[in-house]
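Fold and geometry: a report
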Number of protein chains: 2
Amino acid sequence: MSESRADKGVRLARGVQKLLYDMGYDSLTEVKLRIRRRVDVMGINDKGRIIVVEVKSGPADYRVDEKWSDYLEFCDEFYFAVDADFPTALLPDSHGLIIADAFGGAILRPSADFTLNAARRRNVTLRFARIAARRLLEAENPIKEKFNVF
Amino acid sequence: MSESRADKGVRLARGVQKLLYDMGYDSLTEVKLRIRRRVDVMGINDKGRIIVVEVKSGPADYRVDEKWSDYLEFCDEFYFAVDADFPTALLPDSHGLIIADAFGGAILRPSADFTLNAARRRNVTLRFARIAARRLLEAENPIKEKFNVF
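Described below are features of the structure shown in this document. Per chain, residues are indexed from 1 in the order of the written sequence. Lettering for chains starts from A, numbering for ligands starts from 1, and both go in the order in which the items are written. In keeping with the predicted nature of the model, local features appear solely for residues at pLDDT of at least 70, side-chain atom pairs appear and are counted solely at 80 or more, and the whole-chain, interface and lining totals rest on all residues. Here the side-chain values reflect all heavy atoms present in the structure, with hydrogen atoms and water set aside.

Runs of H or I in DSSP of at least four residues are treated as helices and runs of E of at least two as strands, each being numbered from the N terminus. Broken down by element type, chain A carries three helices and six strands. When the helices and strands of chain A are read in sequence order from the N terminus, they spell out α-β-β-β-α-β-β-β-α. The size measure is the radius of gyration over C-alpha atoms, and the globule rule it meets is 2.2 Å times the number of residues to the 0.38 power. Against the globule reference of 15 Å for 150 residues, chain A gives a C-alpha radius of gyration of 16 Å, in line with a compact fold. In terms of principal-axis extent, the alpha carbons of chain A reach across some 50 × 45 × 30 Å. Each residue gets one of three labels from its accessible area relative to the maximum for its type: buried under 20%, exposed over 50%, partly exposed in between, using a 1.4 Å probe on protein chains only. For chain A, with 150 residues in total, the buried portion stands at 53%. In this analysis, two residues are considered to be in contact whenever any of their non-hydrogen atoms come within 4.5 Å of each other. Nonlocal contacts in chain A, meaning residues at least 24 apart in sequence, comprise 55% of its contacts between residues at least 6 apart. For the area figures, the Shrake-Rupley method with a 1.4 Å probe applies, and any residue is considered shielded solely by the protein chains shown. Surface accessibility of chain A: about 7,400 Å² in total, with carbon and sulfur atoms responsible for 49%. Working convention for charge: Lys and Arg count positive, Asp and Glu count negative, and His plus the chain ends are omitted. Note on charges: their place is set at NZ of Lys, CZ of Arg, CG of Asp or CD of Glu. Of the side-chain charges in chain A, 25 are positive and 23 negative, and the distance between the mean point of each set is 6 Å.

Residues and elements named next belong to chain A. The residue Glu 30 is not glycine, and still its phi comes out positive at about 55°. Here Glu 30 shows up in strand E1 (residues 26–32). Overall, Glu 30 belongs to the partly exposed group, its relative accessible area being 35%.

Another aspect to go through is the pairing of E1 of chain A. Residues and elements named next belong to chain A. Of all the seven residues making up E1, five are buried; the element is thus mostly covered by neighbouring parts of the structure. As paired elements, E1 and strand E2 (residues 38–44) share six bridges and run antiparallel to each other. Within E2, the residue paired with Lys 32 across the bridge is Arg 38. DSSP calls a pair of strands paired once it identifies at least 2 bridges connecting them. Where E1 folds back onto E2 in an antiparallel hairpin, the turn is made up of five residues, including Arg 36, whose phi is positive at roughly 65°.

What follows concerns the side chain of Asp 76 of chain B. Position of Asp 76 of chain B among the secondary structure elements: in the loop between helix H2 (59–64) and strand E4 (77–82). Asp 76 of chain B has contacts with Gly 48, Arg 49, Ile 50, Ala 112, Asp 113, Phe 114, Thr 115, Leu 116 and Arg 121 of chain B, leaving out every residue within four places of it along the chain.

This is the structure we're talking about:
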C-alpha cells in the first residue's frame with residue numbers, strides 16, 4: 001500500500017524522536033522558530049544542546065524545499081533524516097545524515113558543530129519549553145470548549 | 001459528594017493553569033526541581049519569567065508541608081493557591097495568594113519579585129522544556145511498549 005508524503009514524514013519524524021531519545025535528547029516535532037519557519041524535529045539534552053532534524057520523505061520533498069539552510073543558526077547540530085530508499089547522493093555531504101524508519105534511526109554522518117550563542121540558545125530553549133507545555137495542556141484537555149482556552 | 005484532597009489539588013491546579021494562561025504563562029504541573037522536590041504548578045512567559053504556585057487543598061495540607069519555602073529561589077514569583085473556603089489567615093501574608101476553582105482563579109495578593117539569577121533561570125527553563133517534551137511524547141504514544149521507550 002502506498003503512503004502519502006505527509007504520512008511518511010510523520011513516520012520518519014517519530015523514528016527520529018526515538019533515536020534522539022536514545023541519545024539523551026527530549027524532542028518535539030514541528031517547532032516554529034522566530035523566523036516563522038517550522039523545523040521538523042528539535043531535540044534538547046540535559047546540557048541544553050540543541051539538535052534540529054529536517055525530515056525528507058523523498059527526493060521531490062528535498063528539491064522543493066530549501067528552508068533548511070535557515071535552521072543552521074538555530075541549533076548546535078543539524079541533520080537530514082531520510083529512509084533507507086532515499087538517494088542520499090542528492091543531499092549535501094557537508095551536513096549530518098540520519099537514516100530512519102518509524103521505530104528508530106541511526107546517524108550515518110555526523111553534523112558539524114554550529115554552537116549556538118548564549119542569547120540564541122536561551123530564545124530557542126524558551127520557545128521549545130512554551131510550545132511543549134502548550135501542546136501538553138491541549139493534549140490533556142481534549143474538550144477545548146471546557147476551559148475556553150485552547 | 002466529598003472530594004479527596006488529591007482530587008481537589010488537581011482541580012485547583014487546573015484552574016491555576018487557566019489563570020496563568022490568561023496571564024501569558026504556559027505551565028506544567030508537578031515539576032521536579034534539581035532539589036528533588038516537585039512544585040505543583042510552574043509557568044513561564046515569553047520573557048522567560050517563571051512563576052511557581054503551591055496548591056493547598058485545605059489547612060491540613062498547608063500545615064504538614066513546609067517544602068514551599070525551598071521553591072522561592074527557583075522562581076521570579078511565588079503564590080499559594082487555595083479555594084474560596086480556605087482560611088487564608090493561616091497563610092503567610094508576605095507571599096502571593098491566588099484563589100482558584102477548577103475553571104480559573106484570581107490573584108488576591110501579588111508576589112514579591114524574587115528575580116532569578118541567569119544561571120538558575122537557564123537551568124529551570126531547561127528542566128521545564130525537557131519535562132514538557134517528555135510528557136507530550138508519552139501522551140502521544142499511549143502504547144508504551146510500541147517504542148520501548150517510555
